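# Chains, contacts and geometry: an overview
So the chains spell out like this:
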Amino acid sequence: KQSLTRQQSAALLIQSSFRSFMVKKYMHGAQMAAVKIQASYRMHLQQAQFKQDMQSVVKSQSMVRTWLVKQSLTRQQSAALLIQSSFRSFMVKKYMHGAQMAAVKIQASYRMHLQQAQFKQDMQSVVKSQSMVRTWLVKQSLTRQ
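Keep in mind that what you see is a predicted model, and the values were worked out from it rather than measured. (Residues numbered from 1 in each chain as written. Predicted model: local features only at pLDDT ≥ 70, side-chain atom pairs only at ≥ 80, totals over all residues. Heavy atoms only, no water.)

In terms of regular secondary structure, the chain is built from one helix and zero strands. Its C-alpha atoms give the chain a radius of gyration of 61 Å, more than 25% over the compact-globule value 15 Å for 145 residues. Principal axes of the C-alpha set define a box for the chain whose edges measure 210 × 10 × 10 Å. Taking all 145 residues of the chain together, 0% fall into the buried category. (Helix = DSSP H or I, 4+ residues; strand = E, 2+ residues; numbered from the N terminus. Rg over C-alpha atoms; globule rule 2.2 N^0.38 Å. Buried < 20%, exposed > 50% of the residue type's maximum accessible area, 1.4 Å probe, protein only.)

Here is the structure:
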C-alpha cells in the first residue's frame with residue numbers, strides 16, 4: 001500500500017510538474033505574444049507620429065518657401081518700380097528739355113521778329129526824316145536863289 005501511495009504521489013508530482021511546465025510554457029508563449037503585440041502597437045504609434053511629424057515639417061518648409069518667394073517677388077517688384085520710376089523721370093526730363101529748347105527757339109524767333117519790325121519802323125522814320133530834311137534843304141536852296 002505504501003508503494004502504491006508512493007507511486008500515486010510520484011504520479012501526482014509528475015502530473016503537477018508537467019501541468020506546471022505546460023502552464024509556464026503557455027504563459028511564456030502568451031507573454032511573448034503580448035510583447036510582440038505591444039511592440040507592433042508601439043511601432044504603429046511611432047510610425048503614425050513620424051508620419052504626422054513629417055507632414056508638419058513639410059508644411060513648415062512649404063510655408064517658409066512661400067514666404068521666401070513672396071519676399072523675393074516683393075524685392076523684384078520694388079526694383080521694377082524703381083526702374084520704371086527712374087525711366088519715366090528720365091523721359092519727362094528729356095521731354096521737358098526738348099520742350100524748353102523749343103520754347104527758347106520760339107522766343108528767339110519772336111524777339112527777332114519784334115526787332116525786325118522795330119528796325120523797319122525806325123528805318124521808315126529815318127527815311128521820312130531824311131526826306132523832310134532834304135525837302136527843306138531844297139526849299140532853302142531855292143529861296144536863296
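Okay, the environment of Lys70 next. Its place among the elements puts Lys70 in helix 1 (residues 2-144). Residue Lys70 is classed as exposed on the basis of its relative accessible area, which comes to 54%.

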